[in-house]
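Commentary on secondary and tertiary structure
As a plain string of letters, each chain reads:
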Amino acid sequence: MKTASSKSELREIVRQWKRAGQIIGLVPTMGYFHKGHISLMERCRELADKVVVSIFVNPAQFGPEEDLDRYPRDIERDLSLSKDARVDLVFVPDAMELYPPGFQTWVVVEEVSQGLCGASRPGHFRGVATIVAKLFNIVQPDLALFGEKDYQQLQVIRQMVRDLDFPVEVVGHPTVREVDGLAMSSRNSYLSPSQRQTALCLKEALDLAEEMIHKGEQDAEIIKKEMAGLIQGYPETRIDYIVIAEPDTLTPMERVDLPAIVALAVFVGETRLIDNRLFH
Ligand code: AMP
């Protein structure tokens with residue numbers, strides 16, 4: 001496995017692979033790997049000849065009051081896990097490499113960025129779209145993998161690729177969960193043992209929505225109210241949003257017509273967790 005910390009090193013390696021006609025897959029990450037990340041790498045291994053993983057805690061997607069400084073990091077462990085997953089190249093740039101002084105160009109995906117996480121994290125998807133556009137230009141992958149756990153992020157990237165004609169196939173990957181159903185996330189490491197139990201309320205609220213939708217409930221307000229009630233029954237929870245929306249545009253629905261996505265963000269203590277479920 002190779003590693004590169006500069007754009008020029010990375011480009012030189014990828015250029016040789018491209019010359020040999022190899023299909024390049026990219027998995028962009030912020031590191032601190034769990035099985036969700038590994039699963040993306042393994043899927044990439046199946047789809048591409050060469051697997052490139054980027055590890056970069058992107059300051060541009062964190063708000064001023066958010067967890068940029070304390071975001072968990074363990075680069076040695078990440079490199080070892082990448083090697084086990086048969087990754088070919090890990091790109092580990094520092095912030096100066098990607099945002100040198102004078103940086104001033106941003107990618108803004110307008111409508112699909114606005115609701116859900118975009119509403120409570122202003123500028124977040126501008127940071128995400130910009131870093132992903134840069135990584136696409138630096139790595140020039142044929143395909144790139146993104147987890148459905150960050151469902152809005154996946155749709156923002158799909159929209160950006162369509163609108164800006166990036167020659168990249170965007171592949172969505174199902175959410176990998178702990179045995180009890182909690183969506184894996186690097187931020188789960190912030191949770192105390194009791195908060196870890198409470199964190200299950202996101203999955204339980206989605207189970208409740210599923211049950212109501214399967215029974216024929218079509219009033220989104222009623223479903224969201226029941227979900228909120230369940231979550232509020234747990235200590236230390238604060239609901240950021242619960243949305244039922246059209247899955248591509250993320251336009252909220254009042255009347256639930258399938259397909260629909262139910263997505264939510266909940267603070268458990270100080271830790272903000274997200275989850276979602278798609279209904280066909
Ligand atoms: P992150 O390092 O959190 O920015 O995540 C890097 C990539 O892994 C993103 O495409 C995420 O959507 C994806 N990802 C994170 N957690 C999971 C999970 N539990 N299951 C599947 N994909 C995930």
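In this numbering scheme, every chain counts its residues from 1 along its sequence in written order. Two thresholds apply to this predicted model, a pLDDT of at least 70 for residue-level local features and 80 or more for giving and counting side-chain atom pairs, whereas whole-chain, interface and lining totals are computed over all residues. Side-chain descriptors were evaluated using all non-hydrogen atoms of the structure, hydrogens and water having been removed beforehand.

**Thoughts on the pattern of salt bridges**
Any carboxyl oxygen of Asp or Glu that lies within 4 Å of a side-chain nitrogen of Lys or Arg is treated as forming a salt bridge with it. Applying the stated criterion across every chain yields a total of 15 salt bridges. The salt bridge partner of Arg272 is Asp240, with a shortest N-O separation of 2.8 Å. Remark: Asp240 occurs in strand S7 (residues 237-245) and Arg272 occurs in strand S9 (residues 271-279); sequence separation between them is 32 residues. In this structure, Arg255 engages Asp257 in a salt bridge whose closest nitrogen and oxygen atoms are separated by 4.0 Å. Relative accessible area serves as the criterion here: at 51%, Arg255 is assigned to the exposed category. Type-normalised accessible area, obtained with a 1.4 Å probe on protein chains alone, sets the label of each residue: buried when under 20%, exposed when over 50%, and partly exposed for intermediate values. Judged by its relative accessible area of 41%, Asp257 falls in the partly exposed class. Numbering goes from the N terminus for both helices and strands, where a helix is a DSSP run of H or I of at least four residues and a strand is a run of E of at least two.

**Considering the site of the ligand**
As a structural note, the neighbourhood of the ligand is formed by 18 residues, with Met30, His37, Asp150, Val176 and Met184 the closest of them. Polar contacts, as used here, are pairs of N or O atoms within 3.5 Å; protein pairs need one atom able to donate a hydrogen and one able to accept it. Residues neighboring in sequence count only if both atoms are side-chain atoms. Within the contact set of the ligand, an oxygen atom lies 2.9 Å away from a backbone nitrogen or oxygen of Gly147. One nitrogen or oxygen atom from the side chain of Asp150 is found 2.6 Å from an oxygen atom belonging to the ligand. Computed with a 1.4 Å probe, the accessible areas rest on the Shrake-Rupley method; for each residue, only the protein chains presented here act as cover. Coverage of the ligand by the protein chains reaches 94% of its 480 Å² of free accessible surface. Counting residues per element, the ones that place at least two in the shell around the ligand are strand S2 (24-29), helix H2 (35-47) and strand S5 (143-147). Among the elements that line the shell around the ligand, the one with the most residues is H2, at three residues. In this classification, the charged set is Asp, Glu, Lys and Arg, the nonpolar set is Ala, Val, Leu, Ile, Met, Phe, Trp, Tyr, Cys and Pro, and all remaining amino acids, among them Gly, are polar. In terms of residue class, the shell around the ligand is made up of eight nonpolar, eight polar and two charged. Whether a residue is near a molecule or strand depends on its heavy atoms: it is near if one of them lies within 4 Å of it.

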